[in-house]
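Understanding the architecture of this molecule
Listed below are the residues making up each chain.
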Amino acid sequence: MENVSNRVAQLAVSETLAMSQKSRELKAQGFNVINLSVGEPDFHTPDFVKDAAKKALDENITFYSPVPGFPDLLQAIADKLKRENGLTYGTDQIVVSGGAKHTLANVLMATVNAGDEVIVPAPYWVSYVELVKLAEGKSVVIPTTIESDFKITPKQLEEAITPKTRVLMLCSPSNPTGSVYTRNELAGLAQVLAKYPNILVLSDEIYEHINYVGKHESIAQFPEIFDRVIVVNGVSKGYAMTGWRIGYCAAPKWIAKACQKLQGQMTSGTCSIAQKAAAAAIASDASYPKMMCKAFEQRRDKVIERLRKIPGFKTNVPQGAFYIFAEVAELLGKKFGDEVISNTADLCMYLINQAHVATVPGSAFGAAEYIRFSYAASEEELMEALNRIDKAVQALQ
Ligand code: PMP
Ligand code: GLU
């Protein structure tokens, strides 16, 4: 009677959200928990964006919106893609959804048939493989390690391609590793993809504005594959708007149309007020994201410096996003009293229970010997968290 569908039964719970919930629960019990599990800017949405939302309310923009989004928002996105990325899209190639997560779900549902293969470089963001499952596709994971800065090579890509490959998912700047593909590296991947006209590229660029190495590079810039790339972006990370739930894709027309059809049955157009706020954010110059990015970069440097003094933690220097993805293999198998830390899920539980610091196990991202934590927190909190982690790790035997 109470059996859920197989579709839901086989789905994993989002571990980023689960760890965040656990940290909320401990906080409610009075513990001083530092939550570095969920990744979201600790900045507030800029005032000019909030003003646009207030204005929308005052103007009674409270009715259903067009399914793909208000025309002014679609235009603001098309202008942004031209201005910031040099990409030309018509407004009929853009669909706005309830966050980039929803956009990714739409695109996979709209393009993947049962049994189709989706190439997912690991470490990957938690929801990728679960969304592929929902679309009845099969994830083909390409593992990478800290030694290659977690990036795939053209050779690895070519080896993963089969006649069943439908989509390649790419994320740059990457969650969870912070790696950023250079233009040359993307060109190498595009060269391989050019040989396989049936493969689509789902390019998740949600961390575009949090990039410490310069200009954002999109794989959509290569004309030989442009008509097969779906660019996914949104306002959650760049404009500190995670709660507003606005994401979008810019895609070939047939995919935009399919997403619109799907969304027309499942959710309708997304929140009218949030769309007006997002239009203001996207039409603005990128000074707000630049300000945040500078702050994140300073925190990254301090965190890496401190982390390197903690035994058992090995990290690269992330070039974007706001995560540290640390290799902790040396700590596995150690003990706290009778308790064995046999995997990174155990380690994260140990850290939250003993040090009251919430992190996420690498297994959630397809990389078993790592843990992820976000440095989108105040410097004071970060240093306190690292001191606590250091102490907890030293207590392991
Ligand atoms: N892609 C990546 C790589 C992310 O880290 C996130 C943040 N959760 C998303 C997509 C989804 O973003 P949104 O909050 O806009 O749904
Ligand atoms: N992008 C964030 C993270 O990876 C948000 C959590 C989520 O949407 O799963 O932590």
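This text follows the structure it describes.
By convention here, each chain's residues receive numbers from 1 onward along its written sequence. All chains are assigned letters beginning at A, and all ligands numbers beginning at 1, according to the order in which they are written. Local features in a predicted model are, by the rule used here, given only for residues with pLDDT of at least 70; side-chain atom pairs are given and counted only at 80 or more, and totals for whole chains, interfaces and linings are based on all residues. Hydrogens and water molecules were not included; the side-chain quantities draw on all heavy atoms of the structure.

1. Some details on the nonpolar core
- Throughout this description, the term nonpolar core refers to a set of buried Ala, Val, Leu, Ile, Met, Phe, Trp, Tyr and Cys residues connected via side-chain atoms within 4.5 Å. When accessible area is computed with a 1.4 Å probe and restricted to protein chains, residues below 20% of their type maximum are described as buried, those above 50% as exposed, and intermediate ones as partly exposed. If you look at the biggest cluster of nonpolar residues, it comprises 85 residues, and the most contacted ones within it are Met 169, Leu 202, Ile 230, Phe 313 and Leu 347.
- Numbering of helices and strands runs from the N terminus; a helix is a DSSP stretch of H or I covering at least four residues, while a strand is a stretch of E covering at least two. For this core, the element with the highest residue contribution is helix α11 (residues 287–307), accounting for 7 residues.
- A contact between two residues is defined here by any heavy atoms of the two lying within 4.5 Å. Here Ile 230 is in contact with Val 107, Leu 200, Val 201, Leu 202, Ser 203, Cys 249, Ala 250, Ala 251, Pro 252 and Ile 255, once residues within four sequence places are set aside.
- In this structure, Ala 56, Ile 152, Ile 161 and Ala 279 belong to the second largest nonpolar core, which totals 52 residues.

2. A closer look at the sheet that holds strand β9 (residues 323–327)
- Taken in spatial order, the 3 strands make up an open sheet running β9-β14-β13, and their pairing is antiparallel. The open sheet has two edge strands with one neighbour each: β9 and β13 (360–361). We treat two strands as partners when DSSP finds at least two bridges between them.

3. Considering the layout of surface pockets
- Using a 1 Å grid laid over the protein atoms alone, points where a 1.4 Å probe fits but cannot get out form a cavity; open sets with protein on both sides within 12 Å along at least 5 of 7 lines form a pocket; any residue with an atom within 4 Å of a point counts as lining. Grid points are joined across faces, edges and corners, and a volume is the space filled by probe spheres set on the points. Quantified by volume, the largest pocket comes out at close to 740 Å³.
- Along its surface, the largest pocket is lined by 33 residues, and Val 38, Gly 39, Glu 40, Lys 237 and Thr 242 are the ones closest to its centre.
- Those elements giving two or more residues to the lining of the largest pocket turn out to be α2 (15–28), α5 (100–111) and β14 (370–374).
- Broken down by element, the residue count for the lining of the largest pocket peaks at 6 residues, all from α2.
- For the lining of the largest pocket, a count of residues per class yields 14 nonpolar, 9 polar and 10 charged. Under the grouping applied here, Gly and all other residues not named as nonpolar or charged are polar, the nonpolar ones being Ala, Val, Leu, Ile, Met, Phe, Trp, Tyr, Cys and Pro and the charged ones Asp, Glu, Lys and Arg.

4. Some points on the packing of aromatic side chains
- Note on aromatic pairs: the rings of Phe, Tyr and Trp (six-membered ring only in Trp) are paired at centre separations within 6.5 Å, and the planes decide the class, stacked below 30 degrees, edge-to-face beyond 60, tilted for the rest. Applying the stated rule across the entire model yields 12 aromatic pairs.
- Geometrically, the ring pair formed by Tyr 207 and Tyr 323 is edge-to-face, given 5.7 Å between the ring centres and 80 degrees between the ring planes. Note that Tyr 207 is positioned in the loop between β6 (200–204) and β7 (229–234) and Tyr 323 in strand β9, a separation of 116 residues in sequence.
- Taking 5.7 Å as the distance between ring centres and 90 degrees as the angle between the ring planes, the aromatic pair formed by Phe 325 and Phe 365 counts as edge-to-face. Here Phe 325 is found in strand β9, whereas its partner Phe 365 is found in the loop between β13 and β14, with 40 residues between them in sequence. For the pair shown, Phe 325 and Phe 365 are each scored as buried.

5. Remarks on the pattern of salt bridges
- Salt bridge, as applied in this entry: a Lys or Arg side-chain nitrogen positioned within 4 Å of an Asp or Glu carboxyl oxygen. Inspection of the entire model under this criterion finds 23 salt bridges.
- Across the pair Arg 83 and Glu 84 runs a salt bridge whose closest N-O atoms are separated by 3.9 Å.
- Residue Glu 327 pairs with Lys 314 through a salt bridge whose shortest N-O separation is 3.7 Å. In this pair, Glu 327 sits in strand β9 while Lys 314 sits in the loop between α11 and β9, placing the two residues 13 residues apart along the sequence.
- A relative accessible area of 38% means that Lys 314 is categorised as partly exposed.

6. A few points about the site of ligand 2
- Throughout this document, a residue counts as near a molecule or strand when at least one of its heavy atoms sits within 4 Å of that molecule or strand. Residues in close proximity to ligand 2 total 13 residues, the closest being Thr 16, Gly 39, Trp 125, Lys 237 and Arg 372.
- Here an oxygen atom of ligand 2 and a backbone polar atom of Gly 39 are 2.7 Å apart.
- Here a nitrogen atom of ligand 2 and a side-chain polar atom of Tyr 207 are 3.5 Å apart.
- Molecule-in-pocket calls rest on the fraction of atoms, with more than half required to lie within 2 Å of the cavity or pocket grid points. For ligand 2, the cavity whose grid points lie within 2 Å of the majority of its atoms is the largest pocket.
- Considered class by class, the residues forming the shell around ligand 2 number 5 nonpolar, 5 polar and 3 charged. Here a polar contact is taken to be a pair of N or O atoms separated by no more than 3.5 Å, where protein atoms must pair a possible hydrogen donor with a possible acceptor and residues adjacent in sequence count only if both atoms sit in side chains.

7. Details of the sheet that holds strand β8 (residues 247–250)
- As summarised here, the arrangement of the 7 strands in space is β2-β8-β7-β6-β5-β3-β4, forming an open sheet in which the pairing is mixed. Only two strands of the sheet have a single partner each, and these edge strands are β2 (94–97) and β4 (138–143). Strand-to-strand twist in this sheet, taken as the mean axis angle between neighbours without regard to direction, amounts to 20 degrees.
- Pairing between strand β5 (residues 165–171) and β6: 5 bridges, direction parallel. In the sheet register, Cys 171 faces β6, and the bridge partner there is Asp 204. Axis definition: a line fit to C-alpha positions, over the contact stretch in the case of helices; interaxial angles, taken between N-to-C directions, run 0 to 180 degrees.

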